[in-house]
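Coordinate analysis (summary)
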Amino acid sequence: MTFTLLIGNNFISNSPKNIKYKDKILFRLDQNQETNVPSISVNVCDRKNNQIVKVENNILKECSSELIKKKLDPTHILIVDKSGEIIFESRVLDSKTILVSGIFYIDDSKLIITQNYIVLPSEKWIMHDKVNAYNKDITITNEGISSIE
């Protein structure tokens, strides 16, 4: 069974694996063989490259004491900062769809993924892309979102 990833109002179908920016993995996706539910594994770092959130297969493993854990269910993880800004969120909408948003630092670049758009470090917005992952990795660039051959 295949699943779709929703990031920033962009639809990535056909079971994307690793989501990358600048050749660095933002997060990994898989599908639980027993439940067929999409799962995410991610290490979220702050701007100083300190790990602040760690999720493995939809389970929160680590979270900085500076952050607030709003939802901790495997089908919905929501971590916010003290001002209420979403640092990381993953929500399994159904057995075929997972939604991911958050703030990702790659080197000196800040990538913001909301439910409505992706804001690149160049401040360009990406939304409304539809990409077939072909069960492979996906990359986010200034030109948009594409499957990696």
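Scroll up to find the structure this text is about.
Residues numbered from 1 in each chain as written. Predicted model: local features only at pLDDT ≥ 70, side-chain atom pairs only at ≥ 80, totals over all residues. Heavy atoms only, no water.

Below, the discussion takes up the packing of aromatic side chains. In total, this model carries two aromatic pairs according to the counting rule given. Between F27 and F104, the ring centres sit 6.0 Å apart and the planes meet at 40°, which makes this aromatic pair tilted. Placement of the pair is F27 in strand β4 (residues 24-31) and F104 in strand β11 (residues 97-106), with a sequence separation of 77 residues. The pair F27 / F104 is uniform in exposure class, with both members buried. Residues Y117 and W125 carry aromatic rings whose centres are separated by 3.9 Å and whose planes lie at 15° to one another, so their mutual orientation is stacked. (Phe/Tyr/Trp six-rings, centres within 6.5 Å; stacked < 30°, edge-to-face > 60°. Helix = DSSP H or I, 4+ residues; strand = E, 2+ residues; numbered from the N terminus. Buried < 20%, exposed > 50% of the residue type's maximum accessible area, 1.4 Å probe, protein only.)

A separate point is the pattern of salt bridges. Side-chain pairing between opposite charges can occur once the charged atoms of the two side chains come close. Counted under the stated rule, the structure contains four salt bridges. Among the ionic pairs, K24 bridges to D107, the shortest N-O distance being 3.1 Å. Here D107 lies in the loop between β11 and β12 (109-113) and K24 lies in strand β4, a separation of 83 residues in the sequence. For K24, a relative accessible area of 38% corresponds to the partly exposed category. (Salt bridge = Lys/Arg side-chain N within 4 Å of Asp/Glu carboxyl O.)

Among the nonpolar cores identified, the biggest contains 37 residues, and F27 and I140 are the most heavily contacted of them. If one sorts the elements of this core by residue count, β11 sits on top with six residues. When residues no more than four places from it in sequence are discounted, the contact partners of I140 are I7, I19, K20, Y21, L26, L111, I118, L120, I126 and I145. (Core = buried A, V, L, I, M, F, W, Y, C linked by side-chain atoms within 4.5 Å. Contact = heavy atoms within 4.5 Å.)

On to the pairing of strand β17 (residues 144-147). Relative to β17, strand β16 (residues 138-141) runs antiparallel, the two sharing four bridges. Bridge pairing in β17 links T141 to G144. (Pairing = 2+ DSSP bridges.)

What follows covers the side chain of H76. With respect to the helices and strands, the residue H76 is situated in strand β9 (residues 76-80). At 2.6 Å, the side chain of H76 and the side chain of E89 are in polar contact. Within polar-contact distance, the side chain of H76 engages the side chain of R91 at 3.5 Å. Residue contacts for H76: discarding those within four places in its chain leaves K71, E89, S90 and R91. (Polar contact = N/O pair within 3.5 Å; in protein donor to acceptor, adjacent residues only side chain to side chain.)

What you tend to see is this: most non-glycine residues have negative phi, and most peptide bonds are trans. In this model, S15 sits at a positive phi of 55°, which is unusual for a non-glycine residue. As for its placement among the helices and strands, S15 is situated in the loop between β2 (10-13) and β3 (18-21). Taking the relative accessible area as the measure of exposure, S15 reaches 4% and is therefore buried. One non-glycine residue, D23, lies in positive phi territory at about 60°. For D23, the location among the structural elements is in the loop between β3 and β4. Taking the relative accessible area as the measure of exposure, D23 reaches 73% and is therefore exposed.

Taken in spatial order, the seven strands of this open sheet run β7-β6-β5-β4-β3-β16-β17, and their pairing is mixed. Either end of the sheet is taken by a strand with one partner, and the two such strands are β7 (59-63) and β17. Looking at each pair of strands side by side, their axes are set apart by 20° on average, direction ignored. For β3 and β4, the ladder comprises four bridges, and the chain directions are antiparallel. Bridge pairing in β4 links I19 to F27. (Axes fitted to C-alpha atoms, helices over the stretch in contact; angles between N-to-C directions.)

Note that every value here comes from positions in space, so none of it alone points to a role or purpose.
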